[in-house]
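Secondary and tertiary structure notes
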Amino acid sequence: MAYPTTVRQSYVSDLDGLKQAGLFKEERFIHSPQNADIEVEFPTGASLQKVINLCANNYLGLSSHPDVVKAAHEGLDHRGYGMSSVRFICGTQDIHRELENKLTEFLGTEDTLLFPSCMDANAGVFEAVLSEQDVMIADRLVHASIVDGMRLCKAMQDTYKHSDMGHLEEKLQEHQDKRFRLIITDGVFSMDGDLAKLDQIVALAEKYNAMVFVDESHASGFIGKTGRGTHEHCGVYGKIDIITTTLGKALGGASGGCVSGRRELVEMCRQRARPYLFSNTVAPVIVSGAIKVLDLISKTTERRDKLEWNTTYWRKLLTEAGFDIKQGESPIVPVMLYNAKLAQDVSRDLYAEGIYVVGFFFPVVAKGQARIRTQLSAAHDKQHLDKAIAAFIKVGKKYDILGKGKKEIVDKYGL
Ligand SMILES: *Cc1c(COP(=O)(O)O)cnc(C)c1O
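To keep things clear, this report deals only with the structure shown in the data block. (Residues numbered from 1 in each chain as written. Predicted model: local features only at pLDDT ≥ 70, side-chain atom pairs only at ≥ 80, totals over all residues. Heavy atoms only, no water.)

1. With respect to the overall build of the protein chain
Within the protein chain, the secondary structure is distributed over 16 helices and 14 strands. Whereas a compact globule of 415 residues would reach a radius of gyration of roughly 22 Å, the protein chain reaches 22 Å, a difference of no more than 12%. A principal-axis box enclosing the C-alpha atoms of the protein chain has dimensions of 60 × 60 × 55 Å. Taking all 415 residues of the protein chain together, the buried fraction comes to 53%. For the protein chain, the distance from the average position of its 51 positive side-chain charges to the average position of its 54 negative side-chain charges is 3 Å. (Helix = DSSP H or I, 4+ residues; strand = E, 2+ residues; numbered from the N terminus. Rg over C-alpha atoms; globule rule 2.2 N^0.38 Å. Buried < 20%, exposed > 50% of the residue type's maximum accessible area, 1.4 Å probe, protein only. Lys, Arg positive; Asp, Glu negative; His and termini not counted. Charge placed at Lys NZ, Arg CZ, Asp CG, Glu CD.)

Right under this line is the structure:
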């Protein structure tokens with residue numbers, strides 16, 4: 001044992017530092033299945049409180065859907081609990097291939113490879129398909145898992161200003177000497193809920209001979225008329241070279257991710273991507289649930305249509321009440337508060353009113369951009385949103401932020 005008091009003390013003081021800076025993250029324990037209404041123990045040891053959940057990625061309300069739960073049970077009964085192997089040794093079942101084929105069809109690509117998570121898909125994909133002769137050109141607001149995946153890859157790294165097509169074009173011109181160029185973006189950006197301009201990105205890729213990578217984690221299942229994703233919404237379905245996405249959000253919410261795209265690129269991942277080669281893939285119970293999810297959402301757009309209705313309604317309620325929200329069309333609706341402490345105070349008061357939301361501030365978002373990120377679900381009914389807006393208005397009045405824009409909020413609370 002070499003964990004002397006001096007070493008312990010050093011970590012204790014690091015953790016205290018996080019607490020003092022207001023950056024310490026505390027988990028809240030949910031005692032019920034994930035849903036629109038949940039039972040939460042917070043703070044730890046407090047009695048359970050029934051709250052409306054406005055901060056899950058349960059966009060289609062499928063996390064606890066009876067058909068999905070039933071399919072998962074069947075998977076458990078027929079294919080067992082665990083694989084006890086990585087895919088290429090003896091960890092692949094027929095249902096893994098079935099799910100990959102369904103994802104390929106749904107996403108409009110040529111082939112798909114499952115990963116333990118989308119974080120792992122992003123960690124493995126770049127290294128598997130690019131080398132020193134190539135360049136990765138990423139939007140500056142891409143997800144942390146993409147940033148990490150790029151770090152593991154030997155290709156040159158570059159970035160363009162968020163959704164700035166002029167800047168992307170400059171970068172593409174600058175890198176014409178490289179063997180391959182890969183443009184990298186999220187489909188829907190998780191903090192602002194805005195959509196990548198995929199139509200323009202694809203046009204630039206064609207003009208400058210580049211490939212396009214899109215992480216569709218906050219889009220698969222509900223963005224676009226039939227929920228296929230941002231590429232469907234932007235009219236470039238079938239034109240994206242690499243898509244990564246998660247099963248951990250709209251598509252059942254359990255866990256797992258994939259790389260989907262051009263046949264050879266996916267095959268390179270199967271041969272080379274380290275999180276695929278050296279880690280167990282998604283368990284049979286989740287595979288069976290995910291197959292059911294894809295069947296449900298391929299048959300009808302009912303859930304994504306309800307989510308769209310909820311999103312429009314919730315944006316209207318917040319706007320009419322005088323909240324400063326980020327405009328857009330995705331079910332990620334950020335309520336801007338700018339000041340980190342204010343974001344924490346407002347979310348705490350909302351929790352006391354039975355509304356579960358979380359304040360986001362630096363380093364999760366830029367300094368001075370603190371907010372409460374609300375997220376809609378098809379599991380919400382109108383009455384959930386009516387109840388939630390009443391609480392938002394009550395708390396908004398207490399802090400005198402209704403009808404106030406950035407300047408007034410910052411004047412009052414600082415940054
Ligand atoms: C949530 C998310 C991930 C990670 O997904 P997991 O499957 O939970 O690892 C990756 N990329 C983006 C854009 C995400 O929003």
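2. Brief notes about the site of the ligand
In the region of the ligand, 13 residues are neighbours, and Cys118, Met119, Asp215, Thr246 and Lys249 sit closest. Serine 217 is positioned with one of its side-chain polar atoms (N or O) 3.4 Å from a nitrogen atom of the ligand. Threonine 246 has a polar side-chain atom sitting 2.6 Å from an oxygen atom of the ligand. Contact with the protein chains hides 83% of the accessible area of the ligand, taken as 380 Å² for the molecule alone. If you tally residues by element for the shell around the ligand, the top one is helix α5 (residues 118-129), at three residues. Residues of the shell around the ligand, tallied by class, amount to two nonpolar, eight polar and three charged. (Near = heavy atom within 4 Å. Polar contact = N/O pair within 3.5 Å; in protein donor to acceptor, adjacent residues only side chain to side chain. Areas by Shrake-Rupley, 256 points an atom, 1.4 Å probe, with all protein chains shown as cover. Nonpolar A, V, L, I, M, F, W, Y, C, P; charged D, E, K, R; others polar.)

3. Focus: the packing of aromatic side chains
Scanning all chains against the criterion turns up eight aromatic pairs. Plain terms: the ring middles of tryptophan 309 and tyrosine 313 are 4.9 Å apart, the flat faces sit at 25° to each other, and that makes the pair stacked. On the criterion of helical spacing, the pair formed by tryptophan 309 and tyrosine 313 is a turn pair, its members being four residues apart in helix α13 (residues 302-321). When the ring of phenylalanine 323 is compared with that of phenylalanine 392, the centres are 5.7 Å apart and the planes differ by 85°; the resulting orientation is edge-to-face. With phenylalanine 323 in the loop between α13 and β11 (332-338) and phenylalanine 392 in helix α15 (residues 382-398), this residue pair connects regions lying 69 residues apart in the sequence. Three or more aromatic residues joined by ring pairs make a cluster, and in this case those are Phe42, Tyr351 and Tyr356. When the ring centre of tyrosine 351 is taken as reference, the NZ or CZ atom of arginine 28 above it lies at 5.1 Å. Positioned above the aromatic ring of phenylalanine 362 is the side chain of lysine 367, whose terminal nitrogen or guanidinium carbon lies 4.1 Å from the ring centre. (Phe/Tyr/Trp six-rings, centres within 6.5 Å; stacked < 30°, edge-to-face > 60°. Lys NZ or Arg CZ within 6 Å of the ring centre and 35° of its normal.)

4. Notes on a nonpolar patch on the surface
Side chains of Tyr3, Val7 and Tyr11 sit close together on the surface and give an oily, nonpolar patch of about 290 Å² of accessible area. Mapped onto the secondary structure, tyrosine 11 falls in helix α1 (residues 5-20). Accessibility expressed as a relative area gives 46% for tyrosine 11, which makes it partly exposed. (Patch = residues over 30% accessible without salt bridge, like charges linked within 9 Å, V, L, I, M, F, W, Y side chains within 5 Å. Salt bridge = Lys/Arg side-chain N within 4 Å of Asp/Glu carboxyl O.)

5. As for the side chain of serine 330
Position of serine 330 among the secondary structure elements: in the loop between α13 and β11. A polar contact is formed between the side chain of serine 330 and the backbone oxygen of glycine 193, at a distance of 2.7 Å. If sequence neighbours within four positions are ignored, serine 330 has contacts with Val188, Gly193, Leu195, Ile223, Thr311 and Arg315. (Contact = heavy atoms within 4.5 Å.)

6. Some details on the state of the cysteines
The tally for this structure, following the rule as stated, stands at zero disulfides. With no disulfide of its own, cysteine 258 has cysteine 118 as its nearest cysteine by sulfur position, at a separation of 7.4 Å. (Disulfide = S-S within 2.5 Å.)

7. As for the pattern of salt bridges
Throughout the structure, instances matching the rule amount to 31 salt bridges. Notably, a salt bridge pairs aspartate 305 with arginine 304, separated by 2.8 Å at the nearest N-O pair. Under the relative-accessibility criterion, aspartate 305 is labelled partly exposed at 35%. In this structure arginine 304 comes out as buried when scored by relative accessible area, which is 7%.

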